[in-house]
Amino acid sequence: MELTLDSYIQYTAEKYLQTAIEQNKVAERGAAVVMNVKTGAILAMAVKGDFNPNDPFTLSTEDQNKVEEIEGEEEKAKLKSELINRQWRNKTISDPYEPGSVFKVITEAIALEEGLTNVNHSFNCTGTIFVAGQKYNCHKDGGHGVQNLSQATQNSCNPFFISLGQTIGVNIFSKYFDAFGLTSKTGIDLPGEATGLLYDKESMDAASLATNSFGQNFNVTMTQMIAAFSSLINGGNYYEPHVVKQILDENGNVIENKDPVVLKKTVSDETSKMLRQYMKQTMTDGTGRNAQVEGY
């Protein structure tokens, strides 16, 4: 079997993920996924802390110390079993998380697809916005002032996207959870895939819509998120994520190629083109400057 993983990209993802975990004192492990947006091929899938596949039952020094601190052999054995299973879990597909601000681009995509916003849309961010009696703050004290769609994206402005979510409404917003593949498994060719925890139109109210609009108060997996997000970039094509490239026989002959599979269309080419432009501007002029990569 030949995998889609790129050894250099995998090495780089593991290296800098480990650095990020140490610098930010991450307690619940970190994860990273790199996917070819034009095929769905997984180029890197990293989880730290992880384990040595040649010695899978040995805990990290930190986890082993936790076991040693427990009194009673039965309690030690129980905790060790829990920690072993934890280190075996592929966090990218098995552990749902709150996506946060990256989800704002999906909110934007919904509004564009439904004709509820356009390039001339302007919004005055005063630093706060109230929905159903709840107060939501912008990350910038005093707000961003009047901004258009591109500027609000660059600034990652919470009040703007909350306002956009209220314009979209519960029925349309919840419908797009399914359209972007967030209500079901992606079908990736790996075991243990989970699904997230999301609102439907019956359970979503104005306040939950407000928090959902900027990526909070619901859970998805990283694999679900990267498949949905990639469709925004590649022209609206939702590819099934996969890690198997080819299946070989015992002599190394190819007996099956795993071709890319497009499962659905999420957004139009026009919306995708506009979002690519806004995301690029977010890196050159906005909050994502640290994401710039020389040569790309």
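What counts as what
- Residues numbered from 1 in each chain as written.
- Predicted model: local features only at pLDDT ≥ 70, side-chain atom pairs only at ≥ 80, totals over all residues.
- Heavy atoms only, no water.
- Helix = DSSP H or I, 4+ residues; strand = E, 2+ residues; numbered from the N terminus.
- Rg over C-alpha atoms; globule rule 2.2 N^0.38 Å.
- Buried < 20%, exposed > 50% of the residue type's maximum accessible area, 1.4 Å probe, protein only.
- Contact = heavy atoms within 4.5 Å.
- Axes fitted to C-alpha atoms, helices over the stretch in contact; angles between N-to-C directions.
- Parallel < 35°, antiparallel > 145°, perpendicular 65-115°, else oblique.
- Left-handed = near helix turned anticlockwise from the far one by under 90°.
- Nonpolar A, V, L, I, M, F, W, Y, C, P; charged D, E, K, R; others polar.
- Patch = residues over 30% accessible without salt bridge, like charges linked within 9 Å, V, L, I, M, F, W, Y side chains within 5 Å.
- Areas by Shrake-Rupley, 256 points an atom, 1.4 Å probe, with all protein chains shown as cover.
- Salt bridge = Lys/Arg side-chain N within 4 Å of Asp/Glu carboxyl O.
- Pairing = 2+ DSSP bridges.
- pLDDT = per-residue confidence, 0-100.
- Lys, Arg positive; Asp, Glu negative; His and termini not counted.
- Polar contact = N/O pair within 3.5 Å; in protein donor to acceptor, adjacent residues only side chain to side chain.

## Concerning the overall build of the protein chain
Phase 1 of the analysis: Secondary structure summary: the protein chain contains 11 helices and 11 strands in total.
Phase 2 of the analysis: Over its C-alpha trace the protein chain gives a radius of gyration of 21 Å, about what one expects of a compact globule, namely 19 Å for 296 residues.
Phase 3 of the analysis: The principal-axis extent of the C-alpha atoms belonging to the protein chain is close to 60 × 55 × 45 Å.
Phase 4 of the analysis: In the protein chain, which comprises 296 residues, the share counted as buried stands at 44%.

## Some points on helix α5 (residues 104-113)
Phase 1 of the analysis: Of all 10 residues making up α5, 9 are buried, and the element is well covered by its neighbours.
Phase 2 of the analysis: For α5, the set of buried residues is K104, V105, I106, T107, E108, A109, I110, A111 and L112.
Phase 3 of the analysis: Residues of α5 that are buried in the fold lie against α6 (149-155), α7 (158-168), α8 (170-179), α9 (206-213), α10 (222-233) and α11 (269-285).
Phase 4 of the analysis: Backbone geometry just downstream of α5 places G115 in the positive-phi region, at approximately 70°.

## Some words on the packing of helix α2 (residues 61-69) against helix α3 (residues 73-88)
Phase 1 of the analysis: For the pair α2 and α3, interaxial distance at closest approach is 9 Å and the crossing angle is 160°. What the angle tells us is that α2 and α3 run roughly antiparallel. Judged by the twist between their axes, the crossing of α2 over α3 is right-handed. Here α2 contributes D63, K66, V67 and E68 to the contact with α3, which in turn contributes K76, L79, K80, L83 and R86.
Phase 2 of the analysis: Within the contact of α2 with α3, the residues separate by chemical class into 3 nonpolar, no polar and 6 charged.

## Things to note about the environment of G165
Phase 1 of the analysis: Here G165 shows up in helix α7.
Phase 2 of the analysis: Residues G165 and T284 lie 119 residues apart in sequence; the distance between their C-alpha atoms is 26 Å.
Phase 3 of the analysis: With residues near it in sequence (within four places) discarded, G165 still touches T107, L209 and S213.

## What to know about a nonpolar patch on the surface
Phase 1 of the analysis: Among the surface-exposed residues, M1, L3 and L5 lie close enough to one another that they form a single nonpolar patch of about 290 Å² accessible area.
Phase 2 of the analysis: Tracing the backbone through its elements, the reader meets L5 in the loop between β1 (2-3) and α1 (7-24).

## Here's the deal with the pairing of strand β6 (residues 134-137)
Phase 1 of the analysis: Bridge count between strand β5 (residues 128-131) and β6: 4 bridges; the pairing is antiparallel. Counted as the bridge partner of F130 is K135 from β6.
Phase 2 of the analysis: Here β5 folds back onto β6 in antiparallel fashion, the turn holding 2 residues, of which A132 has a positive phi close to 50°.

## Here's the deal with the sheet that holds strand β10 (residues 254-257)
Phase 1 of the analysis: If you trace the 3 strands from one edge of the open sheet to the other, you get β1-β9-β10, paired in antiparallel fashion. Each edge of the sheet is formed by a strand with only one pairing partner; in this case those strands are β1 and β10.
Phase 2 of the analysis: Bridge analysis of β1 against strand β9 (residues 244-248) gives 2 bridges, and the strand direction is antiparallel. Within the sheet, the bridge partner assigned to L3 lies in β9 and is V244.

## Here's the deal with the pattern of salt bridges
Phase 1 of the analysis: Summed over all chains, the structure comprises 8 salt bridges.
Phase 2 of the analysis: We note a salt bridge from K48 to E14, for which the minimum N-O separation is 3.7 Å. Taken together, the residues K48 in strand β3 (residues 42-48) and E14 in helix α1 connect sequence positions 34 residues apart.
Phase 3 of the analysis: With its nearest N and O atoms 3.7 Å apart, the salt bridge here joins E114 to K175. Of the two residues, E114 sits in the loop between α5 and β4 (122-125) while K175 sits in helix α8, which places them 61 residues apart along the sequence.
Phase 4 of the analysis: If you follow the salt bridges from partner to partner, you end up with R29, R89 and D95 in one network.

## Some remarks on the confidence of the model for the protein chain
Phase 1 of the analysis: Scored by pLDDT, the protein chain has a mean of 92; 100% of the residues are at 70 or more.
Phase 2 of the analysis: The secondary structure element of the protein chain with the lowest average pLDDT is α2, at 78, and the one with the highest is strand β8 (residues 237-239), at 98.

## Brief notes about the pairing of β4
Phase 1 of the analysis: Judged by which residues are buried, β4 turns out to be one-sided: F123 and C125 face inward and are buried, whereas S122 and N124, on the alternate face, are not.
Phase 2 of the analysis: Here β4 runs beside strand β7 (residues 145-148); their pairing, made up of 4 bridges, is antiparallel. Residue pairing in the sheet places F123 in a bridge with Q147 of β7.

## Observations concerning the side chain of K104
Phase 1 of the analysis: For K104, the location among the structural elements is in helix α5.
Phase 2 of the analysis: The buried charged residue K104 lacks any salt bridge partner; its closest oppositely charged side chain belongs to E108, at an N-O distance of 10 Å.
Phase 3 of the analysis: A distance of 2.7 Å separates the side chain of K104 from the side chain of N158, its partner in a polar contact.

## Examining the packing of α10 against α11
The geometry of a pair of packed helices is captured by two quantities: the angle between their axes and the separation between those axes.
Phase 1 of the analysis: Relative orientation of the contacting elements α10 and α11 amounts to 100°, with a least axis distance of 7 Å. By the angle between their axes, α10 is roughly perpendicular relative to α11. For the pair α10 and α11, contact is made by F229, S231, L232 and I233 and by S272, L275, R276 and M279, respectively.

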